[in-house]
Amino acid sequence: MLEAGTPAPGFSLARSDGERFTEADLQGRRTVLVFYPFAFSPVCTDQLQLYEPLTRELAEEGNALYGVSCDSTWAQRAFREKLGVSSEQLSDFEPKGAACRAFGVLHEGGFAQRALVVTGPDGVISWSYEAASPGELPALDVLRSGLR
């Protein structure tokens, strides 16, 4: 996993509208990337709902939180709507896992490891965290401490 002080790697993720989200989209604001294994899985559901208040706080400050998984944009859109969360979901479906691999969080099973990455307005990673297992839910306090 990439550590603090490392520039974000080159990557490309799909937005639900078909547009691309790349390292250039990290510029100019603080960004949190929440890598999660599977849409609709219990821990991922809990995680995105747990982080929803922080998503809104970050947006009020001009910053952003995004969910990232290897699921298709269709699955992510349905997941977001079902949960009623505001965080945009970014798909690493095609080529599958390429962005996760670039950040060092592609699980050997071919899905995103549960990880958190915070970048500063300069696109440099300011903090990162990888859960011990995909089933571990990083508490909101863990993410808040990484933002400090």
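Conventions and cut-offs
Residue positions are given per chain, counted from 1 along the sequence in the order it is written. Local features are withheld for residues below a pLDDT of 70 in this predicted model, meaning they are given only at 70 or higher, and side-chain atom pairs are given and counted only at 80 or more; totals for whole chains, interfaces and linings count all residues. In computing side-chain values, all of the structure's heavy atoms are included and hydrogens and water are not. Numbered from the N terminus, helices here are DSSP runs of H or I no shorter than four residues, and strands are runs of E no shorter than two. With the radius of gyration taken over C-alpha atoms, the globule rule is written as 2.2 Å times the number of residues to the power 0.38. Residue burial is assigned from relative accessible area. The probe radius is 1.4 Å, only protein chains are included, and a residue is buried under 20% of its type maximum, exposed over 50%, and partly exposed in between. Where accessible areas are quoted, they stem from the Shrake-Rupley method and a 1.4 Å probe; at the residue level, only the protein chains shown are allowed to cover. Positive charges are assigned to Lys and Arg, negative charges to Asp and Glu, while His and the chain termini are left out of the count. The location of each charge is read from NZ of Lys, CZ of Arg, CG of Asp or CD of Glu. To be clear, the arc concerns the directions from the helix axis to the C-beta atoms. Every residue pair with non-hydrogen atoms within 4.5 Å of one another is taken to be in contact. Counted as salt bridges are all cases of a side-chain nitrogen of Lys or Arg within 4 Å of a carboxyl oxygen of Asp or Glu. For this analysis, a ring pair means two rings from Phe, Tyr or Trp (six-membered ring only for Trp) whose centres lie within 6.5 Å, classed as stacked if their planes differ by under 30 degrees, edge-to-face if by over 60, and tilted for the remaining angles.

**Quick notes on the overall build of the protein chain**
So, step 1. Across its full length, the protein chain holds five helices and seven strands.
So, step 2. Since a compact globule built from 148 residues should have a radius of gyration of about 15 Å, the 14 Å found for the protein chain is in line with a globular shape.
So, step 3. In terms of principal-axis extent, the alpha carbons of the protein chain reach across some 30 × 30 × 30 Å.
So, step 4. Put simply, the protein chain has 148 residues, and 48% of those count as buried.
So, step 5. For the protein chain, the exposed surface amounts to about 6,700 Å²; the carbon and sulfur share of it is 51%.
So, step 6. Placing the 13 positive and 20 negative side-chain charges of the protein chain at their respective mean positions leaves the two points 3 Å apart.

**Here we look at helix α1 (residues 42-50)**
So, step 1. Of the positions making up α1, those classed as buried are Cys44, Thr45, Gln47 and Leu48. Take α1 and look down its axis: the buried residues cluster within an arc of 165°, on one side only.
So, step 2. Buried residues along α1 sit against β3 (31-35), α2 (52-60), α3 (73-83), β5 (88-91) and β6 (115-119).

**Regarding the pattern of salt bridges**
So, step 1. One pass over the structure, following the stated rule, counts four salt bridges.
So, step 2. Of the charged contacts in the structure, one is a salt bridge between Asp25 and Arg15, with a shortest N-O distance of 3.7 Å. Taken together, the positions of Asp25 in the loop between β2 (20-22) and β3 and Arg15 in the loop between β1 (12-14) and β2 put the pair 10 residues apart, joining distant regions of the chain.
So, step 3. One network of salt bridges, in which partners are shared, links Arg15, Asp25 and Glu88.

**Some thoughts on the packing of aromatic side chains**
So, step 1. Here the structure, examined in full by the defined rule, presents eight aromatic pairs.
So, step 2. Seen in terms of ring centroids, Phe21 and Tyr66 are 4.6 Å apart; in terms of plane orientation they differ by 55°. Their pairing is tilted. Note that Phe21 is positioned in strand β2 and Tyr66 in strand β4 (residues 64-69), a separation of 45 residues in sequence.
So, step 3. Judged by its relative accessible area of 0%, Phe21 falls in the buried class.
So, step 4. You can call Tyr66 buried: its relative accessible area is 5%.

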